[in-house]
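The residues making up each chain are set out below.
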Amino acid sequence: MKEKDITTHVVLVTAVIKKGNKYLVAQRSRNDPQTPLFWFFPGGKVEKEMGNGIIEKTLEREIMEEVGVKIKNPKLILNNGFLRVSGHHVIAFTFLCDYVKGAAKPLEDQEKVMWGTLGEIRKLNDKSWYQDIIKTLV
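Residues numbered from 1 in each chain as written. Predicted model: local features only at pLDDT ≥ 70, side-chain atom pairs only at ≥ 80, totals over all residues. Heavy atoms only, no water.

1. Observations regarding helix H1 (residues 54-67)
Helix length check: H1 (14 residues) gives 20 Å between terminal C-alpha atoms against 20 Å at 1.5 Å per residue, within 8%. Summarising the contacts, the buried residues of H1 are in contact with strand S1 (10-19), strand S2 (22-28), strand S4 (43-45), strand S5 (70-83), strand S6 (89-101) and strand S7 (110-116). The positive-phi residue at the C-terminal boundary of H1 is glycine 68, with phi of around 75°. (Helix = DSSP H or I, 4+ residues; strand = E, 2+ residues; numbered from the N terminus. Expected span 1.5 Å × (residues − 1). Contact = heavy atoms within 4.5 Å.)

2. Quick notes on the nonpolar core
Grouped together as the largest cluster of nonpolar side chains are 14 residues, with contacts concentrated most on Ala15, Ile17, Leu59, Ile63, Val67, Val69 and Ile71. When residues no more than four places from it in sequence are discounted, the contact partners of valine 67 are Leu24, Ala26, Pro42, Ala103, Ala104, Lys105, Leu107, Gln110 and Val113. Membership of the second largest hydrophobic core comes to twelve residues, among which are Tyr23, Trp39, Leu118 and Leu137. (Core = buried A, V, L, I, M, F, W, Y, C linked by side-chain atoms within 4.5 Å. Buried < 20%, exposed > 50% of the residue type's maximum accessible area, 1.4 Å probe, protein only.)

3. Focus on the pairing of S2
One face of the sheet, then the other: side chains in a regular strand alternate in exactly this way. In terms of burial, S2 is a largely internal element, six of the seven residues being buried. Alignment of S2 against S7, held across six bridges, turns out to be antiparallel. Bridging from a neighbouring strand, valine 25 pairs with methionine 114 of S7. Across two bridges, the pairing between S2 and strand S3 (residues 39-40) is antiparallel. The residue of S3 that forms the bridge with alanine 26 is phenylalanine 40. (Pairing = 2+ DSSP bridges.)

4. Quick look at unusual backbone geometry
Positive phi, normally seen in glycine, also occurs at leucine 37, with a value near 65°. Within the element layout of this structure, leucine 37 appears in the loop between S2 and S3. For leucine 37, a relative accessible area of 35% puts it in the partly exposed group. For asparagine 73, which is not glycine, the phi torsion reads 55° and is therefore positive. Relative to the helices and strands, asparagine 73 is located in strand S5.

Structure, rendered in structure tokens:
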């Protein structure tokens, strides 16, 4: 591939946040162009940052911005790719994280949040990409 033929990818980081036997999920905004009102794990896009640790820094920042909680010990559990409705190719990294502190609440781009057991959150979204994450937790 020639340099001029390289396309830009969106890099997405998502956190599966564990607190005891429950996991935090968020309902996406009704204005979300990709998945309005879908329940999913919180996260966000990596900005054009330079330096070391941008994935982890983005994960921590996005989780604080979207649901107001602090996390630690991110462990990569899944990575995949998909096309956004805009046509952009997305590379997604999903991390299992420990909850540290903060009251979970819907902030940026979220309608609702909830802590649920695997059985409870499994029922919220039947899409294969969501269920693939659930399978890694069993």
